[in-house]
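Spelled out, the chains give:
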Amino acid sequence: MAVFNVEDCAASRAPGRLLRRLDKTMSAYVESRIEGRELTYQQWVAIKVVRDGMVGNAGELARELGLTTGATTRLIDVLETRGLMTRDRSGEDRRVVRLVSTDLGGATVAKLQDNVVSAWNEVMAEFSQAEAQQFVDMLARVLAVAERVAGDAPMAEVVQ
């Protein structure tokens, strides 16, 4: 069982700080790679996770993006106005609103996907394929455990 001590969590090496910095740095870098295109990086991610079936409603999208429900509603409004995403009300229960990526939204995500992937490939160029895969596997495992411990996800098997 891994255990951190105070020295391990010094400001320069604290896992939370490193993850936050990585997210902020990569978000800004990817944003610069798609700047002037049809979407912001956040909009691209929103459409992609809806298109890929990772989220199905506004609440799930808010959690995925780390946004308030109000900010998520505004984001969905913009994407819907631009014809990139739709809200699909259930015929059985009108309170249930499912998010759906439109064909245009999916095509726009696909069009910008190479920019996103190349940004990550540039950053990971100093790592072997095995190291890159291990990095992703470990992040997925840490996230699964963190969500389980924090109560943000149903009890599920930890990614092995």
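Residues numbered from 1 in each chain as written. Predicted model: local features only at pLDDT ≥ 70, side-chain atom pairs only at ≥ 80, totals over all residues. Heavy atoms only, no water.

1. Digging into the overall build of the protein chain
Link 1 in the chain: In terms of regular secondary structure, the protein chain is built from six helices and two strands.
Link 2 in the chain: Helices and strands in the protein chain line up, N terminus first, as α-α-α-α-β-β-α-α.
Link 3 in the chain: Structurally, the protein chain occupies a C-alpha span of about 55 × 35 × 25 Å along its principal axes.
Link 4 in the chain: Each of the 160 residues in the protein chain was classed as buried or not, and the buried ones make up 23%. (Helix = DSSP H or I, 4+ residues; strand = E, 2+ residues; numbered from the N terminus. Buried < 20%, exposed > 50% of the residue type's maximum accessible area, 1.4 Å probe, protein only.)

2. Digging into the nonpolar core
Link 1 in the chain: With 24 residues, the main nonpolar core has L39, Y41, W44, I47, L61, L79 and M85 as its most contacted residues.
Link 2 in the chain: Listed by contribution, the elements that provide at least two residues to this core are α1 (15–34), α2 (41–51), α3 (58–65), α4 (69–81) and α5 (103–123).
Link 3 in the chain: The leading source of residues in this core is α2, at seven residues.
Link 4 in the chain: Apart from the residues within four sequence positions on either side, Y41 is in contact with S27, V30, E31, I34, V116 and W120. (Core = buried A, V, L, I, M, F, W, Y, C linked by side-chain atoms within 4.5 Å. Contact = heavy atoms within 4.5 Å.)

3. Some words on the pattern of salt bridges
Link 1 in the chain: If you walk through the whole model with that rule in mind, you get seven salt bridges.
Link 2 in the chain: Put simply, R33 and E122 hold a salt bridge, and the shortest N to O gap is 2.9 Å. Linking R33 in helix α1 with E122 in helix α5, this pair joins segments that are 89 residues apart in sequence.
Link 3 in the chain: The class of E122 is partly exposed, set by a relative accessible area of 48%.
Link 4 in the chain: A salt bridge links K111 to E38, with the nearest nitrogen and oxygen atoms 2.6 Å apart. With K111 in helix α5 and E38 in the loop between α1 and α2, the pair connects residues that are 73 residues apart, well separated along the chain.
Link 5 in the chain: Accessibility expressed as a relative area gives 52% for K111, which makes it exposed.
Link 6 in the chain: What emerges from the salt-bridge pattern is a single network uniting K48, R51 and D52. (Salt bridge = Lys/Arg side-chain N within 4 Å of Asp/Glu carboxyl O.)

4. Examining the confidence of the model for the protein chain
Link 1 in the chain: For the protein chain, per-residue confidence averages 88 on the pLDDT scale, and 94% of positions sit at 70 or higher.
Link 2 in the chain: Here residues 154–160 is a poorly scored stretch, pLDDT under 50, and it has eight contacts once near neighbours within four places are set aside; other chains count. (pLDDT = per-residue confidence, 0-100.)

5. So, the packing of aromatic side chains
Link 1 in the chain: Counted under the stated rule, the structure contains one aromatic pair.
Link 2 in the chain: On the numbers, 6.0 Å between centres and 15° between planes, the contact of Y41 with W44 is stacked. Here W44 and Y41 lie together in helix α2, a separation of three residues that amounts to about one turn.
Link 3 in the chain: According to the relative accessible area criterion, Y41 is buried, its value standing at 15%. (Phe/Tyr/Trp six-rings, centres within 6.5 Å; stacked < 30°, edge-to-face > 60°.)

6. Brief notes about α2
Link 1 in the chain: Counting buried positions over the 11 residues of α2 gives eight, a clear majority of the element.
Link 2 in the chain: Looking only at α2, the buried set comprises Y41, Q43, W44, V45, A46, I47, V49 and V50.
Link 3 in the chain: The inward-facing, buried residues of α2 abut α1, α3, α4, β1 (85–89), β2 (97–101) and α5.
Link 4 in the chain: Phi turns positive, to about 80°, at G53, one or two residues after α2.

7. Brief notes about the environment of T108
Link 1 in the chain: One can find T108 in helix α5.
Link 2 in the chain: Along the chain, T108 and D52 lie 56 residues apart, while their C-alpha atoms are 14 Å from each other.

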